[in-house]
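Coordinates in review
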Amino acid sequence: MEIKELVDLLPEGYEKECYEKKAIRRKRTIKNPLDLIVLLLYYLYDNHSLVDVSQFAILKNIGKISDTALIKRFVQCKDWIQWLISEMLPNEIIHYKKPKELEPYRVIAVDASDIVQKGAVKKTWHLHYGIDLFSLTCNQFKLTEQSTGESLKNFNIEEKDLTIADRAYGTIRSIEHCLNNGGEFIIRIKNKAFNLYNQNREKILLSDWLRTISEKAEELRVYIKDSNKNLIPLRICAVKKTKEEIAIEEKRLKRLESKKQTTYSEDTKFTHEFMFVITSLPTSVSAEKVLEYYRLRWQVELVFKRYKSLLGLGNIPTKTKESSEVWLNGKMFLALLIEKYLGDIDFSPSWNIRTEPEHMERDEIGTLFDLYDAVSK
């Protein structure tokens, strides 16, 4: 990428904000914001060392600056990098036509991934990430310390957002946060994650209902109690797994029992023979469709895989909290730059990738990510 192309990707006013956020205080070796960005990106790309960056600065005629001085400069960039990120969510890379039932919604898959900091303590950070499933772009993200668990409260949910999440997000707090902000959700839940009720406020045992269904998708009207003890009407959508899937799940549970030195109840083992989610979507979206749309969530897993393999996001090379925060935010800035760059260019396939196919197919989306990976490399 040429410098001119990089400048075109940056948000308007990035130079002014550089000085206002005090990323550059005195014009000594690094005399302008663009030189600072170039050094920062070189540091983040392919995990170059600070010594490498110091030599790179000399080769690029930026100036002579020591590795110690560089990390101090980068730490000063924290507020500026966060401003850059907030101002440059990328353009759509692609736009798949939504199924008719999802046309009113912005469909977002969310998840979190661990990032480990090097050193004796091995501090762990969480990257909470949301991807727009029908444009394949970052919707939002948040970096937190390990003490902040997975919850939809980590995300800004707006009216007509449809959030898809795994079992870690299946809590009353997450559901309330989504509904209170006008959003809808499809969330996989654990057995006995929270109490379920019928319209008479009588408790329902999920396993009792699951015994009545087969490999055809079914749904059950349930209610949960919010923090004010009011009943919220929702739906459980479930289907029994195939014999092959059940066998794989049984082996997985045995490994977990051995690893954790525990024994799961027969009721828990039974519920693992089923795939079930809870949703606030209207009944016009069938149980079969709800389960089908939940499976689109795997896209966010591919994002983490891509970031960790291509951008080296898996392990943090820094040792202090301040430098780690800058490194993490810088990596996300680099990731957004790549996404924005890809969104501004034409893809090579001759067929109209922006309107076909009518439904999102796994193989075709995989092809898109192959293209993404190739360009990123």
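Residues numbered from 1 in each chain as written. Predicted model: local features only at pLDDT ≥ 70, side-chain atom pairs only at ≥ 80, totals over all residues. Heavy atoms only, no water.

1. Notes on the pairing of strand β3 (residues 137-145)
The pairing of strand β2 (residues 124-132) with β3 spans 8 bridges and is classified as antiparallel. The partner of I131 across the bridge, within β3, is C138. Where β2 folds back on β3, the antiparallel hairpin that results is connected by 4 residues, among which L136 adopts a positive phi of roughly 55°. (Pairing = 2+ DSSP bridges. Helix = DSSP H or I, 4+ residues; strand = E, 2+ residues; numbered from the N terminus.)

2. Let's talk about the pattern of salt bridges
A full pass over the atoms with the stated rule returns 16 salt bridges. Across the pair E249 and R252 runs a salt bridge, and its minimum N-O distance is 2.6 Å. With E249 and R252 both in helix α9 (residues 243-260) and 3 residues apart, this pair spans about one turn of that helix. Residue classification places E249 among the buried residues on the basis of a relative accessible area of 11%. In this structure, R297 and E301 form a salt bridge, with 3.2 Å as the shortest nitrogen-oxygen distance. Three or more residues are tied together by salt bridges with common partners; here these are K78, E145, K321 and E325. (Salt bridge = Lys/Arg side-chain N within 4 Å of Asp/Glu carboxyl O. Buried < 20%, exposed > 50% of the residue type's maximum accessible area, 1.4 Å probe, protein only.)

3. A word on unusual backbone geometry
In this structure, L136 is a non-glycine residue whose phi angle is positive, near 55°. Summarising the element assignment, L136 is placed in the loop between β2 and β3. Overall, the relative accessible area of 4% leaves L136 in the buried class. Non-glycine residue Q261 carries a positive phi angle of around 55°. On the secondary structure map, Q261 appears in the loop between α9 and α10 (266-271).

4. Side note on the pairing of strand β5 (residues 184-188)
The buried count for β5 comes to 5 of 5 residues, which makes it a mostly enclosed element. Where burial is concerned, the two faces of β5 agree: the one with E184, I186 and R188 and the one with F185 and I187 are both buried. Crossover connection from strand β4 (residues 161-165) via helix α7 (residues 172-180) to parallel β5: handedness right-handed. Direction of pairing for β5 relative to strand β10 (residues 274-279): antiparallel, over a ladder of 3 bridges. (Right-handed = clockwise from strand over helix to strand, strands pointing away.)

5. Focus on empty space enclosed by the protein
Per the stated rule, a full pass over the model turns up 2 cavities of 30 Å³ or more. Size it by volume and the second largest cavity reaches roughly 40 Å³. As for the second largest cavity, its lining consists of I108, V110, N139, Q140, F155, N156, I157, D161 and T163. Of all the elements in the fold, those that place two or more residues in the lining of the second largest cavity are β1 (106-117), β3 and β4. Residues of the lining of the second largest cavity, tallied by class, amount to 4 nonpolar, 4 polar and 1 charged. (1 Å grid on protein atoms, 1.4 Å probe; cavity = no way out; pocket = protein on both sides within 12 Å on 5 of 7 lines; lining within 4 Å. Points joined across faces, edges and corners; volume = space filled by probe spheres on them. Nonpolar A, V, L, I, M, F, W, Y, C, P; charged D, E, K, R; others polar.)

6. Notes on the nonpolar core
F74, W80, Y129 and F333 are the most contacted members of the largest nonpolar core, which totals 79 residues. A165, F194, F270 and F274 belong to the second largest nonpolar core, which has 30 residues in total. (Core = buried A, V, L, I, M, F, W, Y, C linked by side-chain atoms within 4.5 Å.)

7. Let's talk about the packing of aromatic side chains
The final tally for this structure, using the stated rule, is 5 aromatic pairs. With centroids separated by 3.9 Å and ring planes inclined at 5°, the aromatic side chains of Y42 and F56 adopt a geometry described as stacked. Here the residue Y42 occupies a position in helix α3 (residues 33-44), and F56 occupies one in helix α4 (residues 50-59), the gap between them amounting to 14 residues. Given the relative accessible area of 15%, F56 is considered buried. Between F270 and F274, the aromatic rings sit 5.1 Å apart at their centres with planes inclined by 65°, giving edge-to-face as the arrangement. Taken as a pair, F270 and F274 share a single burial class, namely buried. Site record: aromatic cluster; members linked through ring pairs are Y129, F304 and Y307. One Lys or Arg, R211, reaches over the ring of F270 and ends 4.3 Å from the middle of that ring. (Phe/Tyr/Trp six-rings, centres within 6.5 Å; stacked < 30°, edge-to-face > 60°. Lys NZ or Arg CZ within 6 Å of the ring centre and 35° of its normal.)

8. As for the packing of α3 against α4
Following both chains from N to C, one finds α3 and α4 inclined at 140°, their axes separated by 9 Å at the closest point. Here α3 is positioned oblique relative to α4, judged by the angle of their axes. Helix-helix and strand crossings are classified by hand; for α3 and α4 the assignment is right-handed. Residues V38, L39, Y42 and Y43 of α3 touch α4, and the partners they reach there are L50, D52, V53, F56 and A57. Classifying every residue of the contact of α3 with α4 gives 8 nonpolar, no polar and 1 charged. (Axes fitted to C-alpha atoms, helices over the stretch in contact; angles between N-to-C directions. Parallel < 35°, antiparallel > 145°, perpendicular 65-115°, else oblique. Left-handed = near helix turned anticlockwise from the far one by under 90°. Contact = heavy atoms within 4.5 Å.)

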